[in-house]
Amino acid sequence: MPEGHSVRRLARQFGDVFLGEALAVSSPQGRFSGGAALLDGRTMVAAEAHGKHLFLHFDNSLVLHVHLGLYGAWSFGGDSTFAGASSIGAPRRVGEQEAFADGDDDGGAPYAGPPAPVGAVRVRLAGSHGWADLRGATTCETITAAEADAVLARLGPDPLRNLRGDAGRFAANVRTRKTPLAALLMDQKVIAGVGNVYRAEVLFRRRLDPLLPGTALPDNDARRLWRDIVAVMNDGVADGRIITTPPKYWTLDGTTAAKAAAAGEPVPPRSAQFPHRDDVHFVYKRHGLPCRVCQTIVLMADLAGRNLYWCPYCQQPQA
């Protein structure tokens, strides 16, 4: 399931390519015909994300609310002018795909409009230079602004917003529950946007026992955990992928990126290719391999229907 950083990048992409434009909205699949009709011809005035939820606001005070779930994905396409800030750097991964005209110049050819839909397209948004197609989402609905506010009210604080008071709100959400930390971080009412990858990685980075009850976590530690989540998720927005390890763990021509940099040797910028995907996580999907820090074998177990990864030494329960 796309985590919060991917949905934030999607919101930026929609703002970059569609904001202020009247859009043709349709449901080629037919399942969303009624909702699409309410938005067809209306102007998009805002695009925002909160956790894993995307809200596209239109000038008739209606909102397209999308939650991608496990299988949802947006695809974008258009002429050579149809590209936003979030397309720069690492290409988008889960939940986001794009196809633009080759090269920087379309030769002045007029835009011919979107192609025929491929597959079960729940909703298509089309503007003067490109389109966006949604497939497989768990939630796709047209709602009022008040209903959007009600959705937001049910969610915990979003680390990518990091508003005043959010750290304290997160700490209180955690410390009033006896549920294990690993389960709390996946509860969108506690914190919005964290998924399985960030859950495993931030608990390791903070050396926290994933089974520690929330009530046993001191307030200062809860706030430190929040700050680390804020940091790594903002990195995810910038990088277009989740990288939680520092350069000393990134292999580079027989050494590491940190050693190469210290020796004055060139180090590639972070991208979809660097660091290598085997180097970007401490524990996520590294079960059966030695911990990068202590060499203890990383473990995996089922917790509430999702795989949990952790190092039993680095994250051992505190006496």
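Owing to the predicted nature of the structure, the values given are computational and were not obtained by experimental measurement. (Residues numbered from 1 in each chain as written. Predicted model: local features only at pLDDT ≥ 70, side-chain atom pairs only at ≥ 80, totals over all residues. Heavy atoms only, no water.)

Asks: Let's hear about the sheet that holds strand β9 (residues 139-144): which residues, and what values?
Replies: The strands making up a sheet associate through hydrogen bonds between their backbones, and the pairing can be parallel or antiparallel. Strand order across the open sheet formed by four strands is β2-β3-β4-β9, with antiparallel pairing between neighbours. Edge strands, defined here as strands with exactly one partner in the open sheet, are β2 (44-50) and β9. Across the sheet, the mean angle from the axis of one strand to that of its neighbour is 20°, orientation sign disregarded. Summarising the sheet, strand β4 (residues 62-67) and β9 pair through six bridges and their orientation is antiparallel. Residue pairing for β9: Leu 64 is matched across the bridge by Thr 142. Strands β2 and β3 (53-58) of the sheet are contacted by helix α1 (residues 4-18), whose axis makes an angle of about 170° with β2. In the packing of helix α3 (residues 145-153) onto the sheet, the strands contacted are β2, β3, β4 and β9, and the crossing angle to β9 comes to about 125°. (Pairing = 2+ DSSP bridges. Helix = DSSP H or I, 4+ residues; strand = E, 2+ residues; numbered from the N terminus. Axes fitted to C-alpha atoms, helices over the stretch in contact; angles between N-to-C directions. Contact = heavy atoms within 4.5 Å.)

Asks: Pulling in residues and values, what's your account of the packing of aromatic side chains?
Replies: By the definition in use, this model includes nine aromatic pairs. Between Phe 18 and Phe 82, the aromatic rings sit 5.5 Å apart at their centres with planes inclined by 55°, giving tilted as the arrangement. Placement of Phe 18 in helix α1 and of Phe 82 in the loop between β5 (73-78) and β6 (96-100) is noted, with a sequence separation of 64 residues between them. Measuring from ring centre to ring centre gives 5.5 Å for Phe 170 and Trp 226, while their planes differ by 40°; the resulting arrangement is tilted. (Phe/Tyr/Trp six-rings, centres within 6.5 Å; stacked < 30°, edge-to-face > 60°.)

Asks: How would you explain the pattern of salt bridges if you had to name every residue and give the values?
Replies: Applying the stated criterion to the full structure yields 10 salt bridges. The closest approach of N and O atoms between Arg 161 and Glu 48, which form a salt bridge, is 3.1 Å. Here Arg 161, found in the loop between α3 and α4 (166-175), pairs with Glu 48, found in strand β2; they are 113 residues apart in sequence, far enough to count as distant. Relative accessible area serves as the criterion here: at 28%, Arg 161 is assigned to the partly exposed category. With its nearest N and O atoms 2.4 Å apart, the salt bridge here joins Asp 239 to Arg 270. Highlighted residues: Asp 239 in helix α7 (residues 219-239) and Arg 270 in the loop between α8 (257-262) and β12 (299-303), separated in sequence by 31 residues. Residue classification places Asp 239 among the buried positions, given a relative accessible area of 13%. Sharing partners across several salt bridges, the network here consists of Arg 124, Asp 133 and Arg 135. (Salt bridge = Lys/Arg side-chain N within 4 Å of Asp/Glu carboxyl O. Buried < 20%, exposed > 50% of the residue type's maximum accessible area, 1.4 Å probe, protein only.)

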